[in-house]
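Chains, contacts and geometry: an overview
If you want the building blocks of each chain, they are given just below.
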Amino acid sequence: MSRNNFDLRMDTGAPKAHHRRETAARILVYTAVILWFAFIALFERYSYTRPSAQNIETGRVYEHNNHGHITYLTAREHDVLIAMQIGAFVIFISGTLVDPEKRIWRWGRR
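Scope of this entry: the structure provided in the associated data block. Quantities reported herein were computed from a predicted structural model and do not represent experimental measurements.

Summed over all chains, the structure comprises 3 salt bridges. Across the pair Arg26 and Glu22 runs a salt bridge, and its minimum N-O distance is 3.3 Å. In this pair, Arg26 and Glu22 are both assigned in helix 2 (residues 14–49), 4 residues apart and thus about one turn of the helix distant. With respect to burial, Arg26 and Glu22 carry one shared label: buried. Between Arg50 and Glu77 there is a salt bridge whose closest N-O contact spans 2.8 Å. Here Arg50, found in the loop between helix 2 and strand 1 (62–66), pairs with Glu77, found in helix 3 (residues 75–98); they are 27 residues apart in sequence, far enough to count as distant. Take Glu77: its relative accessible area is 10%, and that puts it in the buried class. Through salt bridges with shared partners, a single ionic network connects Arg50, Arg60 and Glu77.

Pasting the structure below:
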């Protein structure tokens, strides 16, 4: 009889829900880290491949400063960088808030 009671308690879904939340939290945090590194790569690419002179005719009016090296971006390039930067931050914070027990920070311990 006690075995059946144990099985009924396990079927409530609580352990599965915690595991799902932990998995979702890890996916969100890993996605944020990947997005952040993609942002850095694009930031560096723009620093080395965009013109260093402002050109109003082509729309290159957004100043892009990388440690004193100034290049000019279009509105779309600038917006993509900002979206990636803010998106990585928001996704990372979301991932840390999804897991209520904050188990995602215990990397090797289960």
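Having seen the model, we can carry on.
Two aromatic rings, taken as a pair, are described by how far apart their centres are and by the angle between their planes. Taken as a whole, this structure holds 2 aromatic pairs when the rule is applied. Seen in terms of ring centroids, Trp36 and Phe39 are 5.0 Å apart; in terms of plane orientation they differ by 40°. Their pairing is tilted. Remark: Phe39 and Trp36 occur in helix 2; sequence separation between them is 3 residues, near one turn of the helix. Owing to a relative accessible area of 34%, Trp36 belongs among the partly exposed residues under this scheme.

Its identity as a non-glycine residue notwithstanding, His67 has a phi of 55°, on the positive side. Mapped onto the elements, His67 comes out in the loop between strand 1 and strand 2 (69–73). For His67, a relative accessible area of 82% gives the class exposed.

Conventions used here
- Residues numbered from 1 in each chain as written.
- Predicted model: local features only at pLDDT ≥ 70, side-chain atom pairs only at ≥ 80, totals over all residues.
- Heavy atoms only, no water.
- Salt bridge = Lys/Arg side-chain N within 4 Å of Asp/Glu carboxyl O.
- Helix = DSSP H or I, 4+ residues; strand = E, 2+ residues; numbered from the N terminus.
- Buried < 20%, exposed > 50% of the residue type's maximum accessible area, 1.4 Å probe, protein only.
- Phe/Tyr/Trp six-rings, centres within 6.5 Å; stacked < 30°, edge-to-face > 60°.

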